[in-house]
Amino acid sequence: MFTDRRSDRWLFAVLWLLLLAYALLFAPAVPADLLGQLRDLALARVQAVDPIAIAVFNLLGVLPVAFLAILLFDTGKPSPWPFALGSFVLGGVVLLPYLVIRDLRAPLQPAPGAFVRALGSRITGLVLLLTALGLIGFAVLAGDLSIFAAQRQDSAFIAVMSADLLVLTIALHRCAVMDRQRRGLRLSGWSALAVQTPLLGPLLYLALR
């Protein structure tokens, strides 16, 4: 039986505090044309923002879906819905508190609805994995690390979303491990090693689950 792990709660709490501290105390200034930068990121305007920043922005849409595929099977209190949906807008600032207080002793949803079943399906996991691979490939092939670093230093939004991606990547890895334990699933061979890969590993797990 899965047992509650205080170490994981502490990890999520520390990640949340670090993200808040960085966003409030150490991030650069908010760009004068924040809405314009959001538009450039959403429309993938590589003339204005580096492809690495565009990839990070879009990965922050992929990871919340992966969290939904895991957390919406929770039956404990509080409900994961507002936290998981809020992560699409505020990322780890909203999601990490839920990971600290979620009731892991409650059973998983035995008869989830059609929407949750679809989110938790292998097809969704595969789509998320392929999307992430495509975004990483785009960043590697088209991005310029020095330009991205300069834009990150000049924009609080790019800086904070980069930090958000880092903490959510760590949190998703732990959530996938905990989900595997709660379900009593065992992986072997290449899959047992591959699911340990940062960022992509948890998405692979969802594609195999």
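Shown above is the structure to which this text applies.
Residues numbered from 1 in each chain as written. Predicted model: local features only at pLDDT ≥ 70, side-chain atom pairs only at ≥ 80, totals over all residues. Heavy atoms only, no water.

A. The overall build of the protein, seen in detail. Helix and strand counts for the protein stand at 11 helices and zero strands. Written out in order from the N terminus, the α and β elements of the protein read α-α-α-α-α-α-α-α-α-α-α. For 209 residues, the compact-globule formula gives about 17 Å, and the C-alpha radius of gyration of the protein, at 17 Å, lands near that figure. For the protein, the spread of C-alpha atoms along the principal axes amounts to about 50 × 35 × 30 Å. Here the protein, with 209 residues, has 48% of them falling under the buried criterion. Pairs at least 24 residues apart make up 78% of the contacts formed inside the protein by residues separated by at least 6 positions. (Helix = DSSP H or I, 4+ residues; strand = E, 2+ residues; numbered from the N terminus. Rg over C-alpha atoms; globule rule 2.2 N^0.38 Å. Buried < 20%, exposed > 50% of the residue type's maximum accessible area, 1.4 Å probe, protein only. Contact = heavy atoms within 4.5 Å.)

B. Here's a closer look at the packing of helix H5 (residues 92-101) against helix H9 (residues 156-183). Orientation of H5 relative to H9, taken along the N-to-C sense of each, is 25°, at an axis distance of 11 Å. With respect to each other, H5 and H9 are oriented roughly parallel. For the pair H5 and H9, the crossing hand works out as left-handed. For the pair H5 and H9, the contacting residues are Gly92, Leu95, Leu96 and Leu99 in the first and Asp164, Val167, Leu168, Ala171 and Cys175 in the second. Tallied by class, residues from the contact of H5 with H9 come to seven nonpolar, one polar and one charged. (Axes fitted to C-alpha atoms, helices over the stretch in contact; angles between N-to-C directions. Parallel < 35°, antiparallel > 145°, perpendicular 65-115°, else oblique. Left-handed = near helix turned anticlockwise from the far one by under 90°. Nonpolar A, V, L, I, M, F, W, Y, C, P; charged D, E, K, R; others polar.)

C. Geometry of the pattern of salt bridges. Summed over all chains, the structure comprises seven salt bridges. Residue Arg182 is joined to Asp74 by a salt bridge in which the shortest nitrogen-to-oxygen separation is 3.0 Å. Taken together, the residues span a long stretch of sequence, with Arg182 in helix H9 and Asp74 in the loop between helix H3 (51-71) and helix H4 (81-90) at a distance of 108 residues. Of the two residues, Arg182 and Asp74, both sit in the buried class. Note that Arg105 is salt-bridged to Asp103, the shortest N-O span being 3.5 Å. Residue Arg105 is classed as exposed on the basis of its relative accessible area of 69%. (Salt bridge = Lys/Arg side-chain N within 4 Å of Asp/Glu carboxyl O.)

D. How the structure looks around the nonpolar core. One finds Phe67, Leu99 and Leu203 to be the most contacted residues of the largest nonpolar core, which totals 61 residues. The set of elements that each furnish at least two residues to this core consists of helix H1 (6-26), H3, H5, helix H6 (114-119), helix H7 (122-142), H9 and helix H11 (200-208). Here this core takes 16 residues from H3, the largest share from any one element. Leave out the neighbours within four places in its chain, and Leu99 touches Arg9, Phe12, Phe67, Leu71, Ala171 and Cys175. (Core = buried A, V, L, I, M, F, W, Y, C linked by side-chain atoms within 4.5 Å.)

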